[in-house]
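Geometric and topological summary
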Amino acid sequence: NAGVTQTPKFQVLKTGQSMTLQCAQDMNHEYMSWYRQDPGMGLRLIHYSVGAGITDQGEVPNGYNVSRSTTEDFPLRLLSAAPSQTSVYFCASSYSGGGYEQYFGPGTRLTVT
Amino acid sequence: GQQLNQSPQSMFIQEGEDVSMNCTSSSIFNTWLWYKQDPGEGPVLLIALYKAGELTSNGRLTAQFGTTRKDSFLNISASIPSDVGIYFCAGAYSGGGADGLTFGKGTHLIIQP
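To start, this report covers the structure provided alongside it.

About the cut-offs
Residues numbered from 1 in each chain as written. Chains lettered and ligands numbered in written order. Predicted model: local features only at pLDDT ≥ 70, side-chain atom pairs only at ≥ 80, totals over all residues. Heavy atoms only, no water. Salt bridge = Lys/Arg side-chain N within 4 Å of Asp/Glu carboxyl O. Buried < 20%, exposed > 50% of the residue type's maximum accessible area, 1.4 Å probe, protein only. Contact = heavy atoms within 4.5 Å. Buried area = accessible area lost by both parts, 1.4 Å probe. Polar contact = N/O pair within 3.5 Å; in protein donor to acceptor, adjacent residues only side chain to side chain. Helix = DSSP H or I, 4+ residues; strand = E, 2+ residues; numbered from the N terminus. Pairing = 2+ DSSP bridges. Disulfide = S-S within 2.5 Å.

Quick look at the pattern of salt bridges now. All names here are of chain A. Under the counting rule described, the total for this entry stands at four salt bridges over all chains. We note a salt bridge from D38 to R36, for which the minimum N-O separation is 2.9 Å. Of the residues examined, D38 reaches a relative accessible area of 11% and is grouped as buried. D38 serves as the salt-bridge partner of R44, at 2.8 Å between the closest nitrogen and oxygen. Residue classification places R44 among the buried positions, given a relative accessible area of 17%. Salt bridges sharing common partners tie together R36, D38 and R44.

Let us look at the interface of chain A and chain B. Taken together, the contact between chain A and chain B spans 23 residues of the former and 24 residues of the latter. Together, the buried faces of chain A and chain B total about 1700 Å²; carbon and sulfur atoms form 56% of this surface. For the pair chain A and chain B, the interface holds zero salt bridges. For the pair chain A and chain B, the number of links is five residue pairs in polar contact (both at pLDDT 80 or more). At the level of elements, β4 (31-38), β5 (42-51) and β10 (103-104) of chain A are the ones that each hand at least two residues to the side of chain A that touches chain B. Among the elements that take part in the side of chain A that touches chain B, β5(A) stands out by supplying five residues, more than any other.

So, on to the pairing of strand β3 (residues 19-25) of chain B. All names here are of chain B. Burial of β3 is one-sided: the residues V19, M21, C23 and S25 facing one way are buried, the residues S20, N22 and T24 facing the other way are not. Pairing of strand β1 (residues 4-7) with β3 involves four bridges; the strand directions are antiparallel. The residue of β3 that forms the bridge with S7 is N22. Sheet topology places β3 next to strand β8 (residues 71-76); six bridges connect them, and they run antiparallel.

Another point: the state of the cysteines. By the definition in use, this model includes two disulfides over all chains. Through a disulfide, C23(A) is tied to C91(A); the S-S separation comes to 1.8 Å. Taking the sign of the S-S torsion, -70° for the link of C23(A) and C91(A), the bridge is left-handed. Taken together, the residues C23(A) in strand β3 (residues 19-25) and C91(A) in strand β9 (residues 87-94) connect sequence positions 68 residues apart. Taking the relative accessible area as the measure of exposure, C23(A) reaches 2% and is therefore buried. The disulfide partner of C23(B) is C89(B), and the gap between their sulfur atoms is 1.6 Å. The S-S bond linking C23(B) to C89(B) shows a torsion near -80°; that makes this disulfide left-handed. You can see C23(B) sitting in strand β3 and its partner C89(B) sitting in strand β9 (residues 85-92), a full 66 residues away along the chain.

Turning our attention to the side chain of Q25(A). Residues and elements named next belong to chain A. For Q25, the position within the fold is in strand β3. The class for Q25 is buried, based on a relative accessible area of 3%. Reaching out from Q25, the side chain makes a polar contact with the backbone nitrogen of N28 at a distance of 3.1 Å. Of note is the side chain of Q25, whose polar atom sits 3.0 Å from the backbone oxygen of T71. Contact partners of Q25, with chain neighbours within four places excluded, come to G3, V4, M32, R68, T71, E72 and S93.

Okay, the pairing of strand β11 (residues 108-112) of chain A next. Residues and elements named next belong to chain A. Along β11, the buried face is formed by T108, L110 and V112; none of R109 and T111, which line the opposite face, is buried. By the bridge criterion, four bridges tie strand β2 (residues 10-13) to β11 in an arrangement that is parallel. Looking at β11, one finds that Q11 is bridged to L110. Across three bridges, β9 lies against β11 in antiparallel orientation. Paired with S87 across the strands is L110, a residue of β11.

Coordinates in, geometry out; function isn't part of it.
This is the structure:
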């Protein structure tokens, strides 16, 4: 089992560019989520999905889109990157739901200039 | 939203010492989780707690779910150099997966030689 994988590991964008952060899990988990981690802020929930075809907003969803066409994949799209989106992004998954044990990927470090 | 206060922010200890840290919440949780994060990595789950008063161990780590359901504690006995890192508490009210996890801001553990 690879667990939760994320690509790319690092990315630099210019303001206004768009991109997709990839996340995949091979544990057959129904629940997947995206968090951002900023210095001194801990991890904050961006979007989550309780199963294929179902997504919902978390605490800080503005500027991000998600979709869940398969159980395995949960990509995060930045529509028009802004410097405020400079952060480390983590994808996580859980067998039972968001209120249970979540397993995290290695993260994508994004810089927007 | 829910607030989690994690303390201390950082700890400087000698190898072999015991470590204690805690989290308090402004509202009740049904789940408490403890994670460790090494530099450049994603958070790794250490201990999961699902019942008020529950005391759970994982090797030298012991965590407790407070009886008020508003706090949790993590103890590390006989610290070793590989314990260095950032420890996060996380809580959830809804086990069904709607809201995801609320994270504390972390306790940075530093072991002095």
